[in-house]
Amino acid sequence: MIDKAFLHFRGVGKKNLEKLEIAGFDNWSKVLEKKDEIPFTEKFSEKFYKEVEESSLALERDDISFFAKKLAPPDKWRVLEKYFDNITFLDIETDGLDYHSGISLIVCLHKGTLHKFLRNENLDDFLDLLPEVKLLYTFNGSSFDLPVIQNFFRIGEIPCAHIDLRWVCYHLGYKGGLKLIENKIGIERPSDLKGVDGFEAVILWDNWNRYKDEESKKRLIRYCSADVISLKL
């Protein structure tokens, strides 16, 4: 499916995409095979061909980061389709609701296993898992989760490809928050977690951190884990 993406090539918008479709160019291989039949001007065709070549080579070497950064927003879903088995799904909880809040919990679904990193217990172990991650998926992570992680751990750029599922959903017609989209597509959370939100997660952390309330700790971990599982679903 990735080799059917054309919108990330410079100068290719809706009109030129239609020209390609009419001329029978529905994947990169056809462009490479029929260079002389590309339906653009000679100068534009040459640049277009070189870009197609670059993307084809990236596909051959499975350069996930290339496509996570390069593909146009409406085509980001193609990365998920191609590299689904390489995805690590992530969500965080914090001790407040702003970007300067500290991380209380990180949950990752990585290679079929839920990894739970809780502050004051094993939170730093997340940094040991991070180098193993090839492709990271979050919901609104580009605006919240990743900046908070970078600030909290004092690290630079996250060392793996990342795609924000919020915007994948947006360009497929699913707007709003994670729970709203869940309802639209029929994902059911456990009944005891319905209605739990980020504000309650802050309270749950506070109850555990201050008073060592075990039930609050368990509920916090279950809530964050439900978010992560929902991302995969």
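For the structure, see preceding data.
Residues numbered from 1 in each chain as written. Predicted model: local features only at pLDDT ≥ 70, side-chain atom pairs only at ≥ 80, totals over all residues. Heavy atoms only, no water.

J.: Is there a simple way to explain the overall build of the chain in this structure?
T.: Within the chain one finds 11 helices and five strands. Overall, the C-alpha framework of the chain stretches about 70 × 35 × 30 Å when taken along its three principal axes. Within the chain, buried positions represent 45% of all 233 residues. Element-wise, carbon and sulfur atoms account for 50% of the exposed surface of the chain, whose accessible area totals about 12,700 Å². (Helix = DSSP H or I, 4+ residues; strand = E, 2+ residues; numbered from the N terminus. Buried < 20%, exposed > 50% of the residue type's maximum accessible area, 1.4 Å probe, protein only. Areas by Shrake-Rupley, 256 points an atom, 1.4 Å probe, with all protein chains shown as cover.)

J.: Mind showing me how you'd approach the pairing of strand β1 (residues 87-94) here?
T.: As a general feature of sheets, a regular strand has side chains that alternate between the two faces. Most of β1 sits out of view: eight of its eight residues are buried. Burial along β1 is two-sided: I87, F89, D91 and E93 and T88, L90, I92 and T94, pointing in opposite directions, are all buried. Here three bridges tie β1 to strand β4 (residues 135-138), and the two strands are oriented parallel to one another. Residue T88 lies in a different strand from β4, and its bridge partner there is L136. (Pairing = 2+ DSSP bridges.)

J.: When you look at the pattern of salt bridges in this model, what are you seeing that I'm missing?
T.: Pairs can form between side chains of opposite charge whenever their charged atoms are close. In this structure the tally under the stated criterion is 14 salt bridges. Residue E188 pairs with K194 through a salt bridge whose shortest N-O separation is 2.9 Å. Ionic pairing is found between R222 and D192, a salt bridge with its closest N-O pair at 2.7 Å. Of this pair, R222 sits in helix α11 (residues 214-232) while D192 sits in the loop between α9 (178-185) and α10 (198-211); the two residues are 30 residues apart in sequence, bridging distant segments of the chain. Classification of R222 as partly exposed rests on a relative accessible area of 39%. (Salt bridge = Lys/Arg side-chain N within 4 Å of Asp/Glu carboxyl O.)

J.: What is the right way to read the nonpolar core from this model?
T.: Counting 51 residues, the largest nonpolar core has F48, F67, V79 and L135 as its most contacted members. Not counting residues within four places of it along the chain, the set of residues in contact with V79 comprises I2, I64, F67, A68, L71, F84, L135, Y137 and I163. Ranked by size, the runner-up nonpolar core spans 19 residues in total, among them L123, L130, L146 and C160. (Core = buried A, V, L, I, M, F, W, Y, C linked by side-chain atoms within 4.5 Å. Contact = heavy atoms within 4.5 Å.)

J.: I keep staring at the sheet that holds strand β5 (residues 161-164) and nothing clicks. Help me out?
T.: Pairing between the strands of a sheet is mediated by backbone hydrogen bonds and can be parallel or antiparallel. With mixed pairing, the five strands of this open sheet are ordered in space as β3-β2-β1-β4-β5. What marks the edges here is a single partner per strand, and that holds for β3 (113-118) and β5. Neighbour-to-neighbour, the strand axes of the sheet open up by a mean angle of 25 degrees, direction not taken into account. Here α11 sits on the sheet in contact with β1, β2 (103-110), β3 and β4, set at roughly 145 degrees to β1. (Axes fitted to C-alpha atoms, helices over the stretch in contact; angles between N-to-C directions.)

J.: Would you explain unusual backbone geometry in this entry?
T.: A negative phi holds for most residues other than glycine; trans holds for most peptide bonds. In the Ramachandran plot, K111 falls in the positive-phi region, its phi being about 55 degrees despite a non-glycine side chain. As for its placement among the helices and strands, K111 is situated in the loop between β2 and β3. Positive phi values are uncommon outside glycine, yet N140 reaches one of about 70 degrees. By secondary structure assignment, the location of N140 is in the loop between β4 and α7 (145-153).

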